[in-house]
Amino acid sequence: MAQRRIDMSYLVWAWQDDSPDNSYYLDKRTGDVRLVNQHLLDLRQLTDEIEKNRERYLYLPKPDKQNLLADLHDFAQSVGEQKTRSVLAVAFESPHVLSAFRKILDSQPEELHRLNEYIESKVRKRIAAWMNANKLEESWQDGEEEEPEEEYDDWEDFSVPK
């Protein structure tokens, strides 16, 4: 299978969308992530395309709340300030734990940034495992084209000094 260009930032975002109204499909041919929502104007056309080409489109699973809770628990344990850890423990009582974590850490931009990076790294690992399980080759991009590697004709540039 040829490599695909996938916008990983959008795939990560879609992977975390737990809205029951939204479903996402990865187009294995183009690498596009398609949103299916009952309020889309072209819903019928899109769902017909997905149904007709089932081998082409791969459903993105909904996020597992238990994974998120485990990730947040691990993150909370890594917070250095005891007072913040205590407040984060209360966030687990909220129906929207991740939002509660972000609200609590809003006054600590470094910790909030660390939380967002931590969650994204966990999601990216799960996506990589999902792609591997579905025998998809990875070719990820984050909004920019990769720089082409330079080719060297003169190997003397790499010679070891005498």
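The structure under discussion appears in the preceding block.
Residues numbered from 1 in each chain as written. Predicted model: local features only at pLDDT ≥ 70, side-chain atom pairs only at ≥ 80, totals over all residues. Heavy atoms only, no water.

Asker: Whenever I open this one, the environment of Arg126 confuses me. Can you help?
Answerer: If you trace the backbone, Arg126 turns up in helix H6 (residues 109-133). Given a relative accessible area of 26%, Arg126 falls into the partly exposed group. Remark: the alpha-carbon pair of Arg126 and Asn67, spanning 59 residues in sequence, is separated by 9.9 Å. When neighbours within four sequence positions are excluded, Arg126 is seen to be in contact with Trp15, Asn67 and Asp71. (Helix = DSSP H or I, 4+ residues; strand = E, 2+ residues; numbered from the N terminus. Buried < 20%, exposed > 50% of the residue type's maximum accessible area, 1.4 Å probe, protein only. Contact = heavy atoms within 4.5 Å.)

Asker: I keep staring at helix H5 (residues 97-105) and nothing clicks. Help me out?
Answerer: For H5, every residue scored as buried is listed here: Val97, Leu98, Ala100, Phe101 and Leu105. Down the axis of H5, the buried side of the element spans an arc of 160°, and every buried residue falls inside it. Taken together, the buried residues of H5 touch helix H3 (65-78), helix H4 (82-91) and H6. (Arc of directions from axis to C-beta.)

Asker: Where do I start with the sheet that holds strand S4 (residues 57-59) in this structure?
Answerer: What links the strands of a sheet is backbone hydrogen bonding, and the strands pair in either a parallel or an antiparallel sense. The strand order across the open sheet built from 3 strands is S3-S2-S4, with neighbouring strands paired in antiparallel fashion. The sheet is open, and its two borders are formed by strand S3 (33-37) and S4, each paired with just one other strand. The sheet shows a mean angle of 35° between the axes of neighbouring strands, taken without regard to direction. In this sheet, S3 lies alongside strand S2 (residues 22-27) in antiparallel orientation, the contact comprising 5 bridges. In the strand pairing of S3, Tyr25 is matched with Arg34. Each of S2 and S3 is contacted by helix H1 (residues 8-16), which is oriented at about 35° to S3, the strand it contacts most. (Pairing = 2+ DSSP bridges. Axes fitted to C-alpha atoms, helices over the stretch in contact; angles between N-to-C directions.)

Asker: How should I be thinking about unusual backbone geometry in this particular structure?
Answerer: Trans peptide bonds make up most of the peptide bonds, and negative phi angles are found at most residues other than glycine. Phi is positive for Lys135, close to 55°, though the residue is something other than glycine. Here Lys135 shows up in the loop between H6 and strand S5 (140-141). Judged by relative accessible area, Lys135 falls into the exposed class, the value being 69%.

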